[in-house]
Amino acid sequence: MNQLKVAILGSGNIGTDLLIKVTRSPYLQCNVFIGRNLASPGIMKARSLNVQTSADGIAYIVQHPACCEIVFDATSATAHQEHAPILKTLNKFVIDLTPAKIGILCVPVVNITDCLKQMNINMITCGGQAAVPIAHALAMTHHEIDYIETISNIASRSAGRATRLNIDEYIHTTEAALKSFTGAKITKAILNLNPAQPCIHMQTTVFAKVKNPQIEKLRHAVGAIAEQIQRYVPGYAIIVPPMIENDRIVVMVRVKGLGDYLPEYAGNLDIINCAALALAEAYAKTKLHPPQKEKAHEICFAQ
Ligand SMILES: NC(=O)c1ccc[n+]([C@@H]2O[C@H](COP(=O)([O-])OP(=O)(O)OC[C@H]3O[C@@H](n4cnc5c(N)ncnc54)[C@H](OP(=O)(O)O)[C@@H]3O)[C@@H](O)[C@H]2O)c1
C-alpha cells in the first residue's frame, strides 16, 4: 500500500513516542526524524529503527521540501511560532503537538472533519485531549455551563524540558479549548507534574457547575464518547463516571499508554500522539484514495 511521507520535528519524549507509533501505521512513512542534537536518545532510537535523521531543525525541511507532505511539530510552542509560517509557505499539512495555538484546535472525536479542511492543526494538550471530550458531552446534555475545571496529573519523568517551558501555554490553550468547545463561561486548567516513584499513570479530573444537572443523560453521553476515543486511544478509561459531589459534577479519566517509548504510565504521550496519528491517517486516506466518499470521521474511527 502507498504511504504518505511524514517528518517529525522534535526528538524528545513526544516526538520519539510518536515516531514509534508512526512506524506501525499502514498509511504513513516517517521519512525523516529531525532534532537539534544527533546524540539525543530520540535520534538514537530513530537510527535503531532505520529512520533517516537530521539535527538541522526546520532548515532540513526548507532544504528538502519533497521530504514530506505532513509535518508533526513536537518541539516547543516558541519554536512552532517560527516554524508555522515557513511550513505554510511550503504548503505542508502541519500537526502541531505544542500548545502554540496557531491553528484550529483539534479533538478528533469531536471535530476531525473541520480539521481536515485546514493546513495547521493544533492538538491542544494532553489534558485537553482527555478533558475536552467530557466537556463536549456536558455541552451536548446541558444548555448552560457556568464553570469547567480540569486537573491533570502526569508523571514528572514523562514531561520533557519543552513541556516544562510550556506550562503557561498549556494552561492558556487548555482553558481556551474548554471554552471554545463548550461555550462555558469560565474555564480553568491545572497540570501537576508528580515526581512519585514508581511513576503515576496519567489521570484527569473534570469538575463542572451547571444549572439543573442531568446526570443520567451525561453518564450516557460520556460513556458513548469514551467508547469512540478508545478506538484511537485504547488506554482511555472513565474511572469515575459523572456524579454530583459538593454541588458540582465530577468525572475522572485514566489514560494508560501503550508503552512505546516510555512505560504505560505515560498515557499523556499516548493521548495526544494517538489523536495526532488518527488525524494524520485520516488526511493520508483522503490523499491516497481521493475518490472515496466516506466521511472523514467514519474513515478515522471505523474499526
Ligand atoms: N510530555 C508530555 O506529556 C506532552 C504532552 C502533550 C504535549 N506536549 C508538548 O509537546 C512538546 C514537546 O514536549 P516533550 O515533553 O517531548 O519535550 P522534550 O522532551 O524537551 O522534547 C522537545 C524536543 O524538541 C527539540 N527542539 C526544541 N526546539 C527545537 C527546534 N527549534 N528545532 C528542532 N528541535 C527542537 C528539543 O531538542 P533538545 O533535545 O536539543 O532540547 C527536544 O528534543 C511541548 O510543546 C509540550 O508542551 C508534551
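Because the structure is predicted, anything quoted here is derived from the model rather than measured. (Residues numbered from 1 in each chain as written. Predicted model: local features only at pLDDT ≥ 70, side-chain atom pairs only at ≥ 80, totals over all residues. Heavy atoms only, no water.)

Draft legend 1. Main features of the site of the ligand. Around the ligand, a shell composed of 26 residues is seen, among which Ile-14, Arg-36, Thr-163, Asn-166 and Asn-268 lie nearest. One of the backbone N or O atoms of Gly-12 is found 3.2 Å from an oxygen atom in the ligand. Gly-160 is positioned such that a nitrogen or oxygen atom in its backbone is 2.9 Å from an oxygen atom of the ligand. Contact with the protein chains hides 86% of the accessible area of the ligand, taken as 890 Å² for the molecule alone. At the level of secondary structure, the elements contributing two or more residues to the shell around the ligand comprise helix H1 (13-23), helix H4 (77-89), helix H7 (161-165) and helix H10 (267-288). (Near = heavy atom within 4 Å. Polar contact = N/O pair within 3.5 Å; in protein donor to acceptor, adjacent residues only side chain to side chain. Areas by Shrake-Rupley, 256 points an atom, 1.4 Å probe, with all protein chains shown as cover. Helix = DSSP H or I, 4+ residues; strand = E, 2+ residues; numbered from the N terminus.)

Draft legend 2. Geometry of unusual backbone geometry. Here the residue pair Gln-197 and Pro-198 is connected by a cis peptide bond, since its omega of 0° sits within 30 degrees of zero. Mapped onto the fold, Pro-198 is located in the loop between strand E9 (186-194) and strand E10 (202-210). Phi angles above zero are rare outside glycine, and Lys-101 is one such case at about 60°. Take Lys-101: it is sitting in the loop between strand E5 (93-96) and strand E6 (104-105). On the basis of relative accessible area, Lys-101 is assigned to the partly exposed category, the value being 39%. (Buried < 20%, exposed > 50% of the residue type's maximum accessible area, 1.4 Å probe, protein only.)

Draft legend 3. Main features of H4. When the terminal C-alpha atoms of H4 are compared, their 19 Å separation across 13 residues agrees well with the 18 Å that a helix rising 1.5 Å per residue should span. By the largest-angle criterion, His-83 marks the main kink of H4, which is about 35°, and a proline, Pro-85, follows within four residues. Looking only at H4, the buried set comprises Ala-77, Ala-79, His-80, His-83, Ala-84 and Leu-87. Asn-91 sits one or two residues past H4 and shows a positive phi near 60°. (Expected span 1.5 Å × (residues − 1). Bend = angle between axes of the 7 residues up to and from the residue.)

Draft legend 4. How the structure looks around the side chain of Ser-11. Examined against the element boundaries, Ser-11 turns out to sit in the loop between strand E1 (4-9) and H1. Overall, the relative accessible area of 16% leaves Ser-11 in the buried class. Side chain to side chain, Ser-11 and Ser-40 meet in a polar contact 3.4 Å long. Excluding its chain neighbours within four sequence positions, the residues that come into contact with Ser-11 are Thr-16, Phe-33, Ile-34, Gly-35, Ser-40, Gly-42 and Ile-43. (Contact = heavy atoms within 4.5 Å.)

Draft legend 5. Main features of the packing of helix H5 (residues 108-115) against H10. Relative to each other, H5 and H10 sit at 35°, their axes nearing to 11 Å. Read as a crossing pair, H5 and H10 show a hand that is right-handed. Where H5 abuts H10, its residues Pro-108, Ile-112 and Cys-115 lie against Ala-275, Ala-278, Leu-279 and Ala-282. Class assignment for the residues of the contact of H5 with H10 results in seven nonpolar, no polar and no charged. (Axes fitted to C-alpha atoms, helices over the stretch in contact; angles between N-to-C directions. Left-handed = near helix turned anticlockwise from the far one by under 90°. Nonpolar A, V, L, I, M, F, W, Y, C, P; charged D, E, K, R; others polar.)

Draft legend 6. Quick peek at the nonpolar core. By size, the foremost hydrophobic cluster in this structure holds 84 residues, and its most contacted members are Leu-28, Ile-70, Phe-72, Met-123, Tyr-236 and Leu-279. For this core, the leading source of residues is H10, giving 13 residues. Of the domains in this structure, domain 1 (4-123 + 268-301) and domain 2 (126-266) are the two that each give at least three residues to this core. When neighbours within four sequence positions are excluded, Phe-72 is seen to be in contact with Val-6, Ala-7, Ile-8, Leu-9, Leu-18, Val-22, Ile-95, Leu-97, Ala-276 and Ala-280. Core analysis: the second largest hydrophobic core is formed by twelve residues, Leu-9, Ile-58, Tyr-60 and Leu-87 among them. (Core = buried A, V, L, I, M, F, W, Y, C linked by side-chain atoms within 4.5 Å. Domains from an automatic or database assignment.)

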